[in-house]
Amino acid sequence: MNFKIYHFKKIQSTNNHAIKMIKNNHLKGIILADEQTKGRGRQGNKWISLKGNLFMSLFFKIKQNVSIKRITIKNTGKIKKVLQRFCKKKIFIKLPNDFLIEKKKICGILQETIFHNNQKFLIIGIGANIKKSPKILGYPTSHLEAYSSKKINKLTICRCIKKEYEKKN
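The shown structure was predicted, so the numbers you read here are calculated from the model rather than taken from an experiment.

A.B. asks: Let's hear about the pattern of salt bridges: which residues, and what values?
C.D. replies: For the structure shown, the criterion picks out 10 salt bridges. The residue Asp 34 makes a salt bridge to Lys 9 at a minimum N-O spacing of 3.7 Å. Of this pair, Asp 34 sits in strand 2 (residues 29–36) while Lys 9 sits in strand 1 (residues 5–11); the two residues are 25 residues apart in sequence, bridging distant segments of the chain. Judged by its relative accessible area of 15%, Asp 34 is buried. The closest approach of N and O atoms between Glu 164 and Lys 167, which form a salt bridge, is 3.2 Å. Three or more residues are tied together by salt bridges with common partners; here these are Lys 81, Arg 85, Glu 164 and Lys 167.

In structure tokens form, the structure reads like this:
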């Protein structure tokens, strides 16, 4: 499955834009934004989108009866595999959607399903702290470059995630 990347300078929410594209009959794609003004997290929480970090959403068709638990385990595994290439410290997954290094959040995902034209679609929003860490009361955060010996490019990470999802498995 090949994904086209739709790159935006500024967008409200990559997941919301993915929903619009599905409703306009796009079957798959990746939304990438340099800036996100109304990023969303789980349970209606706001995702703090600091400039320089990664904000992207993948979307594609899935089977109607697929288990969300299986999807979550598969998706967190794929994203962890990619992120781990960019840092020296071990990344841990705190299910269902957080990625931690030394008990500090460096990435989160927001998975959503929608139906359009009798087909089920999965949207995977990915927010990764690459350059900066937001300050969240009671929840320690960090960023990937703090655990890397080199600069990390968000477009490189996006392309690696794209490649991971294009593999047959």
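A.B. asks: Could you give an account of the environment of Leu 144, with specific residues and numbers?
C.D. replies: Secondary-structure assignment places Leu 144 in the loop between strand 7 (119–128) and helix 3 (154–166). Leu 144 sits 91 residues away from Asn 53 along the chain, and the two C-alpha atoms are 9.5 Å apart. Apart from residues no more than four positions distant in its own chain, Leu 144 is found in contact with Leu 83, Cys 87, Ile 101, Ile 106, Asn 129, Ile 130, Ile 152 and Ile 157.

A.B. asks: Lay out the sheet that holds strand 3 (residues 54–62) in plain terms, naming residues and giving numbers.
C.D. replies: If you walk across this open sheet you meet the seven strands as 1-2-3-7-6-5-4, and the pairing is mixed. Looking at which strands have only one partner, the edges of the open sheet turn out to be strand 1 and strand 4 (92–94). Across this sheet, the average inter-strand angle for adjacent strands is 20 degrees, counted without regard to direction. For strand 4 and strand 5 (residues 98–101), the ladder comprises three bridges, and the chain directions are antiparallel. Looking at strand 5, one finds that Phe 92 is bridged to Leu 100. Sheet strands touched by helix 1 (residues 14–23): strand 1, strand 2, strand 3, strand 6 (104–116) and strand 7. Its angle to strand 3, the strand with the most contacts, is close to 30 degrees. Running over the sheet, helix 3 touches strand 1, strand 2, strand 3 and strand 7 and is turned about 15 degrees from strand 3.

A.B. asks: Describe in detail the nonpolar core, supporting the description with residues and values.
C.D. replies: Judged by nonpolar contacts, the single largest core of 33 residues is most densely connected at Leu 54, Ile 126 and Ile 157. By size, the runner-up hydrophobic cluster in this structure holds 12 residues, among which are Tyr 6, Met 21, Ala 33 and Ile 123.

A.B. asks: Could you give an account of the packing of aromatic side chains, with specific residues and numbers?
C.D. replies: All chains considered together, the criterion is met by two aromatic pairs. Relative to Phe 60, the ring of Phe 3 has its centre 6.0 Å away and its plane inclined at 75 degrees; by these criteria the two rings are edge-to-face. Of this pair, Phe 3 sits in the segment before strand 1 while Phe 60 sits in strand 3; the two residues are 57 residues apart in sequence, bridging distant segments of the chain. Here Phe 3 and Phe 60 have matching classes, each one buried. Geometrically, the ring pair formed by Phe 60 and Tyr 165 is tilted, given 6.2 Å between the ring centres and 45 degrees between the ring planes. You can see Phe 60 sitting in strand 3 and its partner Tyr 165 sitting in helix 3, a full 105 residues away along the chain. Grouping residues by exposure puts Phe 60 and Tyr 165 together as buried. Here the aromatic cluster, defined as three or more aromatic residues joined through ring pairs, consists of Phe 3, Phe 60 and Tyr 165. A cation over an aromatic ring shows up here: Lys 78 above the ring of Tyr 165, its NZ or CZ 4.9 Å from the ring centre. Against the face of Phe 92 rests Lys 90, its NZ or CZ located 5.3 Å from the ring centre.

Criteria and cut-off values
- Chains are numbered independently. Their residues run from 1 in the order of the written sequence.
- Restriction of local features to residues with pLDDT of at least 70 applies here, the model being predicted, together with a cutoff of 80 or more for giving and counting side-chain atom pairs; totals for whole chains, interfaces and linings are based on all residues.
- Water and hydrogen atoms play no part in the side-chain values, which are based on all heavy atoms of the structure.
- For this document, the term salt bridge refers to a Lys or Arg side-chain nitrogen within 4 Å of an Asp or Glu carboxyl oxygen.
- For helices the rule is a DSSP run of H or I covering at least 4 residues; for strands it is a run of E covering at least 2, with both sets numbered from the N terminus onward.
- A 1.4 Å probe rolled over the protein chains alone gives each residue an accessible area, and that area as a share of the maximum for its type sets the label: buried under 20%, exposed over 50%, partly exposed in between.
- What makes two residues a contact is simply this: any of their non-hydrogen atoms within 4.5 Å.
- Here, a strand pair is defined by DSSP locating no fewer than two bridges between the strands.
- Axes here mean lines fitted to C-alpha atoms, for a helix over just the part in contact, with angles spanning 0 to 180 degrees between N-to-C directions.
- Throughout, nonpolar core names a set of buried Ala, Val, Leu, Ile, Met, Phe, Trp, Tyr and Cys residues whose side chains join them through atoms within 4.5 Å.
- Working definition: rings of Phe, Tyr and Trp (its six-membered ring) pair if their centres are within 6.5 Å, and the pair is stacked with planes under 30 degrees apart, edge-to-face with planes over 60 apart, and tilted otherwise.
- Two conditions define a charge sitting above a ring: the NZ of Lys or the CZ of Arg must be within 6 Å of the ring centre, and it must be within 35 degrees of the ring normal.

These values are about where atoms sit, not about what they do.
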